[in-house]
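# A closer look at the structure
Residues per chain are reported as follows:
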Amino acid sequence: MFKKLAQYLVLGVFAAALNGCATTDDAGSLVEDPLNGGSGTGNDGILEDGAVIVGENYDSYNDGLHLTDVQRAKLQALKQDGTIYFGYDRDDIPERYVSLLQAHADFLMSAPEVKIIIEGHTDERGTPEYNIALGERRARSVARYLLNLGVTPDQISIVSYGEEKPQNFGHGESAWSKNRRAVISY
Amino acid sequence: MKFLGKVIGAACLCMGINAHAELNLELTGGIDSGRKITVVPFGGQNMVSVNMAKVVNDDLSRTGIFAPTSNTNLRSNPHRPQDVRTSDFELGTEVVVIGDITTGTRGFSVTYHVVALNGTNAKHLFGNHAEVPASQMRTYAHRISDTIFEKLTEIKGAFSTKIAYIRTVFGSKYPYELCISDYDGANENRLVVSTQPLMSPNWSPDGKKLAYVSFENRKSEIYVIDIATKARTKITSFAGLNSNPKWSPDGRKLAMVLSKDGNPEIYVVDVNTRKLSRVTNNAAIDTEPSWSPSGDALYFVSERAGKAQVYKFSMLNGGVQKVTHQPAKNLSPVAMPDGSGLVVVNQNSGFTVSKQDNSGAFYALSRTGLDESPTVAPNSNMIMYSTVSGGRKGLVIVSSDGRSRWSMDRGRGEMSQPAWSPYQKK
């Protein structure tokens, strides 16, 4: 598994070089994705109707890490409690998540090799493109908070899924309140 | 289409639901109703699975320009021009379409005629004949619609165009599907399926490729897929957002949104050289780029002055001008290909697809509240968008005059983010 990840990383760097995309900009430390990988072409499967299958290999960077039993137990617990819900069109973190975020920060500082992806999500109101931007603001907001608590930038990457990955598939406020969120993903 | 006649007769804001299960046509009416046309069931119809008259009838009904009258319980069902009698059709019927299907050399032999009714005179306007394989009957029906529409309105028909969209079937192994189909949703073809979101399909001007966004590598990346070969090319994979690719009218560039420098900005990438040019540079969100028909300008949405409004960037001199002025937010601009104005999503109490004419006149084309992702047919006659109704997201076609609105059969799951193709090369 780790070998595959290493391949991905090499391919990722290669793709970056190919695309001429130097990612050493000032905000790079915050937005750079250490799990960037996958060639995206070549070994894709094909369904019976000819559709190309993508997105199947989905390993976590942390799967290959050597953690102590205590750390592993802590990681499992944090995985169950890593969601921050937001107000409509808001990206400020509600007060009630202070202890949750402190717990994640404490763990990440105690295990500096562990990396997280913070996923930003929105409800379906607003255009998909606007929501991608809003989701990124939410993810960035959580990332900034963890950085301020002392987590190192290279442990954190962010991704915005906008309204595309709802936690609740419904189309009303009860669903929307569950979908306006950021998820700390290990 | 049973109630259509009555609806038009009432000449007020009213609705008609037609009799076919997969159709949901709503005529929003108006003082001046559409031109009355009757498409008579084709002779020999029982030999083929595609209801030719219905395809033509439905195509024309979506234009807002025509108001097809019911073709059930007609006093006669003529299949030859000389058999068309004005007295057999509803008063005010302007044109009658007739057709005949017989066994042909390559499948079926299809003949159709268009006859104008004027007082007691029935005058043959035009007609055609074609040998059509069984698999192409639907395609040929759309071509008949194209010809009729073009001859009677002098506007090129867009019934043979396609759409791309995202189908989402939550709970399935690959919930996200990038699909193309005929403009009316028939003949769906899945190009890509993914465990992770797919977004923002956009057609190359030659109609052979789609640009789109994929999260298959746990980040947003812009890809181009060749529709015929399904070969995929990754275009950008910057840190942060890589979203909303839009082909320039000359097919050489892709406008897109990147947030590699910290917040969403509009960029243009040369597809061949991969040279990147930055269009916006602003601390506020800049997103949703959309080319003007000539390619000389890019419309985009910005929060630079507070609420999201549409701005126009000149590719010629770099000037930026604000183009929407309503107090509510305006999003997702699409320039009408004929230059008649701009389609936007207007956010007031809900989200409605609206049109701003060049005069500045502004009117709503939808009224369901969660309407987004407008896309315009290449002839500017129809606009498609996504909406939520009955607890599911699906696609709607509204005529650009707002007179006719039609909900597409959703099939599995939900449909969103439609993109109308350019005219297809024959």
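Report follows, based on the coordinates. (Residues numbered from 1 in each chain as written. Chains lettered and ligands numbered in written order. Predicted model: local features only at pLDDT ≥ 70, side-chain atom pairs only at ≥ 80, totals over all residues. Heavy atoms only, no water.)

So, about the overall build of chain B. When helices and strands are tallied, chain B shows three helices and 30 strands. A burial count over chain B gives 62% of its 426 residues as buried. Summarising the internal contacts of chain B: among those between residues at least 6 apart in sequence, 42% fall at separations of at least 24. For chain B, the accessible surface area stands at approximately 16,000 Å², while carbon and sulfur atoms represent 49% of it. (Helix = DSSP H or I, 4+ residues; strand = E, 2+ residues; numbered from the N terminus. Buried < 20%, exposed > 50% of the residue type's maximum accessible area, 1.4 Å probe, protein only. Contact = heavy atoms within 4.5 Å. Areas by Shrake-Rupley, 256 points an atom, 1.4 Å probe, with all protein chains shown as cover.)

Glancing now at the interface of chain B and chain A. With 62 residues of chain B in contact, the opposing surface of chain A contributes 56 residues. Of the roughly 4,900 Å² buried at the junction of chain B and chain A (both faces included), carbon and sulfur atoms supply 55%. The largest per-residue losses of area from chain B upon contact with chain A belong to B:Phe170, B:Arg218 and B:Arg232, which jointly make up 15% of the total buried on that side. Counting across the interface, chain B meets chain A through four salt bridges. Among the ionic pairs, A:Glu163 bridges to B:Lys393, the shortest N-O distance being 3.1 Å. Here the residues of the side of chain B that touches chain A sort into 22 nonpolar, 21 polar and 19 charged. (Buried area = accessible area lost by both parts, 1.4 Å probe. Salt bridge = Lys/Arg side-chain N within 4 Å of Asp/Glu carboxyl O. Nonpolar A, V, L, I, M, F, W, Y, C, P; charged D, E, K, R; others polar.)

Residue and element names in this part refer to chain B. Counting buried positions along strand 7 (residues 162-168) yields six of seven residues, so the element is predominantly enclosed. Relative to strand 8 (residues 176-182), strand 7 runs antiparallel, the two being bridged by seven bridges. Considered in strand 8, the bridge of Ile166 is made with Leu178. Looking at chain direction, strand 7 and strand 30 (residues 414-420) are connected through five bridges and run antiparallel. (Pairing = 2+ DSSP bridges.)

Here we have six strands laid out as an open sheet, ordered 1(A)-2(A)-9(B)-8(B)-7(B)-30(B), and mixed in their pairing. Edge strands, defined here as strands with exactly one partner in the open sheet, are strand 1 (45-46) of chain A together with strand 30 of chain B. Both strand 1 of chain A and strand 2 (residues 52-54) of chain A contribute to a ladder of two bridges, which runs antiparallel. Across the sheet, A:Ile46 pairs through a bridge with A:Val52, a residue of strand 2 of chain A.

Right, let's get into the pairing of strand 4 (residues 116-121) of chain A. All names here are of chain A. Among the six residues in strand 4, six count as buried, and that is most of the element. Every second residue of strand 4 is oriented toward a common face, with Ile116, Ile118 and Gly120 on one face and Ile117, Glu119 and His121 on the other, all of them buried. When strand 4 meets strand 5 (residues 156-162), the two strands line up parallel, connected through six bridges. Across the sheet, residue Ile117 finds its bridge partner in strand 5, namely Ser157.

Before going further, it helps to examine the sheet that holds strand 2 (residues 35-39) of chain B. Residue and element names in this part refer to chain B. Across the sheet, five strands lie side by side as 3-2-4-5-6; this open sheet has mixed pairing. Two strands lie at the open edges of the sheet, namely strand 3 (66-68) and strand 6 (121-132), each paired on one side alone. Recorded for the sheet is a direction-independent mean angle of 25° between the axes of neighbouring strands. With nine bridges joining them, strand 4 (residues 95-103) and strand 5 (residues 108-118) adopt antiparallel strand pairing. Each bridged residue has a counterpart across the sheet, and for Val95 the counterpart in strand 5 is Ala116. (Axes fitted to C-alpha atoms, helices over the stretch in contact; angles between N-to-C directions.)

Before going further, it helps to examine the packing of helix 4 (residues 98-110) of chain A against helix 5 (residues 128-148) of chain A. Residues and elements named next belong to chain A. Contact geometry for helix 4 and helix 5: axes closest at 10 Å, N-to-C directions at 65°. Where helix 4 crosses over helix 5, the two elements pack in a sense that is right-handed. Contact residues: Val98, Leu101, His104 and Ala105 in helix 4; Val142, Tyr145 and Leu146 in helix 5. A class-by-class count of the residues in the contact of helix 4 with helix 5 yields six nonpolar, one polar and no charged. (Left-handed = near helix turned anticlockwise from the far one by under 90°.)

Empty space among the atoms can be located by rolling a probe the size of a water molecule over them. Scanning the entire structure with this criterion turns up six cavities of 30 Å³ or more. Its volume calculated, the largest cavity comes out at about 250 Å³. Taken together, 21 residues line the largest cavity, and the ones lying closest to its centre are A:Glu163, A:Pro166, B:Phe170, B:Lys393 and B:Glu414. Among the elements of the structure, helix 6 (173-179) of chain A together with strand 30 of chain B are those that each provide at least two residues to the lining of the largest cavity. Taken together, the residues of the lining of the largest cavity break down into seven nonpolar, eight polar and six charged. (1 Å grid on protein atoms, 1.4 Å probe; cavity = no way out; pocket = protein on both sides within 12 Å on 5 of 7 lines; lining within 4 Å. Points joined across faces, edges and corners; volume = space filled by probe spheres on them.)

In this structure the tally under the stated criterion is 33 salt bridges over all chains. With a shortest N-O distance of 2.9 Å, B:Asp261 and B:Arg278 are connected by a salt bridge. Of this pair, B:Asp261 sits in the loop between strand 15 (253-258) and strand 16 (265-270) while B:Arg278 sits in strand 17 (residues 276-278), and the two are 17 residues apart along the sequence. When its relative accessible area of 28% is taken as the criterion, B:Asp261 is described as partly exposed. Ionic contacts of the salt-bridge type, sharing partners, join the residues A:Asp49, B:Arg167, B:Glu177, B:Glu188, B:Arg190 and B:Arg412 into one network.

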